[in-house]
Amino acid sequence: MDLDALVRIGLLLARPSMLVMTAPTFGGHSAPPHVRVGLSALLAILALPLVPVPVVPGLAALGVVVMRELAIGLALGLSVRAILAGAELGGHITSGQLMLSYGSLIDPQGGARNTLLATLYGNLALLTFFVINGHHILLRGLAASYQALPIGVGAIDGSLATSVMRLLGVVFIFGLRLAAPIIVVMLVVELATGLVSKAAPALNLMVVGTPVRLIVGLLTVAAIVPQIPGVTARFVTAALEAGRALAQAFR
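None of the values given here were measured: they were computed from a predicted structure.

## A closer look at the overall build of the protein
Helices and strands together make up the secondary structure of the protein, namely 8 helices and 2 strands. Listed N to C, the secondary structure of the protein is α-α-α-β-β-α-α-α-α-α in terms of helices and strands. For 251 residues, the compact-globule estimate of 2.2 N^0.38 gives 18 Å, and the C-alpha radius of gyration of the protein, at 23 Å, exceeds that figure by more than 25%. Projected onto the principal axes, the alpha-carbon positions of the protein cover approximately 85 × 35 × 30 Å. Taken across its 251 residues, the protein has 40% of its residues classed as buried.

## Considering a nonpolar patch on the surface
On the surface, L100, L214 and L218 cluster together to form a nonpolar patch covering roughly 210 Å² of accessible area. Position of L100 among the secondary structure elements: in the loop between α3 (59-97) and β1 (104-106).

## Brief notes about the packing of aromatic side chains
According to the stated counting rule, one finds 1 aromatic pair in the structure shown. Positioned above the aromatic ring of Y146, the side-chain terminus of R15 is 4.2 Å from the ring centre.

## Quick look at the confidence of the model for the protein
The predicted model of the protein averages 84 in pLDDT, with 90% of residues at 70 or higher. Within the protein, the element-level pLDDT minimum falls on β1, averaging 59, and the maximum on helix α8 (residues 228-248), averaging 90.

## What about the packing of α3 against α8?
Two elements in contact, α3 and α8, have axes separated by 8 Å at closest approach and are oriented at 160 degrees. One element, α3, and the other, α8, form an angle in the roughly antiparallel class. Note that α3 runs across α8; the crossing there is right-handed. In this structure, α3 uses I72, A75, L76, L78, S79 and I83 to contact α8, whose residues at the interface are T232, V236, A239, L240, G243, L246 and A247. Its residues placed into classes, the contact of α3 with α8 shows 10 nonpolar, 3 polar and no charged.

## A few points about unusual backbone geometry
With a phi angle near 60 degrees, N133 is a residue other than glycine that sits in the positive phi range. Here N133 lies in the loop between α4 (116-131) and α5 (134-148). A relative accessible area of 36% means that N133 is categorised as partly exposed.

## Remarks on the side chain of H135
For H135, the position within the fold is in helix α5. Accessibility expressed as a relative area gives 17% for H135, which makes it buried. Those residues in contact with H135 that sit more than four places away from it in its chain are F26, F129 and F130.

## Let's talk about the environment of G194
Looking at where G194 falls in the secondary structure, it is placed in helix α6 (residues 160-199). Each C-alpha atom of the pair G194 and T162 lies 44 Å from the other, and the pair is 32 residues apart in sequence.

## Thoughts on the pattern of salt bridges
Throughout the structure, instances matching the rule amount to 4 salt bridges. In this structure, E241 engages R244 in a salt bridge whose closest nitrogen and oxygen atoms are separated by 2.2 Å. Separated by 3 residues within a single helix, E241 and R244 lie in helix α8, roughly one turn from each other. Of the residues examined, R244 reaches a relative accessible area of 35% and is grouped as partly exposed.

## Notes on the environment of P229
With respect to the helices, strands and loops of the structure, P229 is situated in helix α8. In this structure P229 comes out as partly exposed when scored by relative accessible area, which is 31%. For the pair formed by P229 and V131, sequence separation is 98 residues and the distance between their alpha carbons is 9.3 Å.

## Comments concerning α6
If you check α6, its first and last C-alpha atoms are 56 Å apart, about what 40 residues at 1.5 Å a residue would give, namely 58 Å. Buried within α6 are the following residues: S163, L167, V170, V171, F174, G175, L178, A179, I182, M186, V189 and T193.

## Points about the packing of α3 against α6
For the pair α3 and α6, the least separation of the axes is 8 Å and the interaxial angle reads 25 degrees. It follows that α3 is roughly parallel to α6 by the angle criterion. Judged by the sense of rotation from one axis to the other, the crossing of α3 with α6 is right-handed. Between α3, through L78, S79, A82, I83, A85, G86, A87, L89, G90, I93, T94 and Q97, and α6, the contact on the second element is made entirely by L167, V171, F172, F174, G175, L176, L178, A179, I182, I183 and M186. Classifying every residue of the contact of α3 with α6 by side-chain character gives 17 nonpolar, 6 polar and no charged.

What counts and what doesn't
- Numbering of residues starts from 1 in each chain and follows the order in which that chain's sequence is written.
- Reporting in this predicted model follows two pLDDT cut-offs: at least 70 for local features of residues, and 80 or more for side-chain atom pairs to be given and counted; totals over whole chains, interfaces and linings ignore these cut-offs and use all residues.
- Side-chain metrics in this entry use all non-hydrogen atoms of the structure; hydrogen atoms and water are not considered.
- Helix numbering and strand numbering both begin at the N terminus, where a helix is a DSSP run of H or I of at least 4 residues and a strand a DSSP run of E of at least 2.
- What the globule rule says is 2.2 Å times the number of residues to the power 0.38, and the radius of gyration is computed from C-alpha atoms.
- Whether a residue is buried, partly exposed or exposed follows from its accessible area with a 1.4 Å probe, protein chains only, as a fraction of its type maximum: under 20%, in between, or over 50%, in that order.
- Nonpolar side chains (Val, Leu, Ile, Met, Phe, Trp, Tyr) are joined into patches within 5 Å and like charges within 9 Å, using only residues with over 30% relative accessible area and no salt bridge.
- All accessible-area figures derive from a Shrake-Rupley calculation using a 1.4 Å probe, and residue coverage is judged against the displayed protein chains alone.
- A pairing counts as a salt bridge when a side-chain nitrogen of Lys or Arg comes within 4 Å of a carboxyl oxygen of Asp or Glu.
- Aromatic pairing here means that ring centres of Phe, Tyr or Trp (its six-membered ring) are within 6.5 Å. Orientation follows from the plane angle: under 30 degrees is stacked, over 60 is edge-to-face, and everything else is tilted.
- Counting as a charge over the ring demands two things of the Lys NZ or Arg CZ atom: a distance within 6 Å of the ring centre and an angle within 35 degrees of the ring normal.
- The predictor attaches a confidence to each residue, and that confidence, scored 0 to 100, is pLDDT.
- Note on geometry: axes are C-alpha line fits, over the in-contact stretch for helices, and angles between N-to-C directions span 0 to 180 degrees.
- Each angle gets one of four labels, with under 35 degrees taken as roughly parallel, over 145 as roughly antiparallel, 65 to 115 as roughly perpendicular, and the rest as oblique.
- By definition, turning the near helix anticlockwise from the far helix through less than a right angle yields a left-handed crossing, and turning it clockwise yields a right-handed one.
- Contact definition: two residues touch when any of their heavy atoms are within 4.5 Å.
- Just so you know the grouping, Ala, Val, Leu, Ile, Met, Phe, Trp, Tyr, Cys and Pro go in nonpolar, Asp, Glu, Lys and Arg go in charged, and all remaining residues, Gly too, go in polar.
- Expected span of a helix, by definition, is 1.5 Å for each gap between consecutive residues, and there is one gap fewer than residues.

This is how it looks when you write it as structure tokens:
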């Protein structure tokens, strides 16, 4: 058995396998294991005649190379995960404003409990990513990463912390952008409710105010949902660029 060929295939498997396990576009946690293994193997086979794999002397150096390959694949996958996380953050904030946080269900993308609006926002963002062919961009980015970051020992660049903060910034800005309309509307409703309570102290706001807030909030959500694909499309480029910068930190 040619061990050099097995090592070469193993090194080529590391980067795409981590990308497949991390990026929800290729299934993430919800895809069956044999699907993820098959897709990772397919990407590695396609890269086999195009990507040069150096000879790695020693097990210690081989372990370092494998860890670097996994880190680069993780960075590329986190760029897509950041889009989904930002959309879910906006859904969580919206659910908190509407007092719907107690109702939750299992999210098929992450396998964790999410509120209904967080799951809705996340799925809309994921569908938008597919519609604008973001998965094609991600695969082209994987292929280009072998040219910008060839397989080898490499080193960790000083921009790692900055790149991580940049990726987290995309998550929070995207989430707040989605939740900003409901925050503003609920603030106006709370101010109006306070003025009504001052003008009519005998009015039971615990009975009247809660349905009013819920109805106004749901109407606002109905107006926000059609805008989610457009907002997501504007943040896809920023998230993919942040993921590319994070991958380049492992030079």
